Amino acid sequence: QVQLVESGGGLVQPGGSLRLSCVVSGRIFNMYDMAWYRQAPGKQREFVARITWVGSTNYLDSVKGRFTISRNNGRDTVYLQMNNLKPEDTAVYYCNVQVVIGSEAYWGQGTQVTVSS
C-alpha cells in the first residue's frame with residue numbers, strides 16, 4: 001500500500017521560511033511526478049509546484065522566485081523550500097504523486113502552514 005507522509009508545516013512570521021518534506025512509502029511500479037498543492041480556508045485546492053521524473057519543474061506564478069521544489073536521488077522524497085512567506089501562503093499543503101503513464105495517483109494527508117505575525 002502506497003502512503004505519502006508529509007512534515008515540516010507550522011507557524012511562521014511573514015518573511016520567514018519553512019521546508020516541507022513528503023516521503024513515499026510502499027512501491028510504485030512506474031515512473032512518477034511529484035507535486036505540492038495547497039488549499040486555503042474557503043478556497044479550492046490549487047497547484048503550487050511540480051517536479052517531474054526527469055527533474056523538470058514548474059510553479060504557480062505567485063510563488064515563483066520564493067519557493068523551490070526538489071527531489072532526492074532515490075526519487076521517493078520531495079521537498080518544498082518556501083522563503084519570504086506571505087500571509088496569503090497560509091493553507092494546508094498536500095503532497096501529490098502522479099504516475100507518468102496512466103491515472104494512478106496518491107495524496108498525502110496535508111500539513112498546515114500558517115503565516116502570521
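All values reported here derive from a predicted model rather than from experimental measurement. (Residues numbered from 1 in each chain as written. Predicted model: local features only at pLDDT ≥ 70, side-chain atom pairs only at ≥ 80, totals over all residues. Heavy atoms only, no water.)

Caption draft 1: Expanded view of the overall build of the chain. Per the secondary structure count, the chain includes zero helices and 11 strands. Of the regular secondary structure in the chain, the N- to C-terminal order runs β-β-β-β-β-β-β-β-β-β-β. In summary, the chain has a C-alpha radius of gyration of 14 Å against a globular reference of 13 Å for 117 residues, a match within 12%. Overall size of the chain, expressed as C-alpha extent along the three principal axes, is 45 × 25 × 20 Å. Evaluated residue by residue, the chain yields a buried proportion of 42% over its 117 residues. Accessible surface, the chain as shown: approximately 6300 Å² in total, 47% of it carbon and sulfur. Averaging the locations of the 11 positively and 8 negatively charged side chains of the chain gives two centres separated by 3 Å. (Helix = DSSP H or I, 4+ residues; strand = E, 2+ residues; numbered from the N terminus. Rg over C-alpha atoms; globule rule 2.2 N^0.38 Å. Buried < 20%, exposed > 50% of the residue type's maximum accessible area, 1.4 Å probe, protein only. Areas by Shrake-Rupley, 256 points an atom, 1.4 Å probe, with all protein chains shown as cover. Lys, Arg positive; Asp, Glu negative; His and termini not counted. Charge placed at Lys NZ, Arg CZ, Asp CG, Glu CD.)

Caption draft 2: Focus on a nonpolar patch on the surface. Together, Met-31, Val-100 and Ile-101 make up a nonpolar patch on the protein surface, roughly 280 Å² of accessible area in all. Residue position: Ile-101 is located in the loop between β9 (91–99) and β10 (105–107). Residue classification places Ile-101 among the exposed residues on the basis of a relative accessible area of 62%. (Patch = residues over 30% accessible without salt bridge, like charges linked within 9 Å, V, L, I, M, F, W, Y side chains within 5 Å. Salt bridge = Lys/Arg side-chain N within 4 Å of Asp/Glu carboxyl O.)

Caption draft 3: Just the sheet that holds strand β8 (residues 77–82), in detail. Ordered by their spatial adjacency, four strands build an open sheet running β1-β3-β8-β7, and the pairing between neighbours is antiparallel. Looking at which strands have only one partner, the edges of the open sheet turn out to be β1 (3–7) and β7 (67–71). Between one strand axis and the next, the sheet turns through 15 degrees on average, direction left out of account. Pairing analysis gives six bridges linking strand β3 (residues 18–25) to β8, with the strands arranged antiparallel. If you follow Val-23 over to β8, its bridge partner there is Thr-77. (Pairing = 2+ DSSP bridges. Axes fitted to C-alpha atoms, helices over the stretch in contact; angles between N-to-C directions.)

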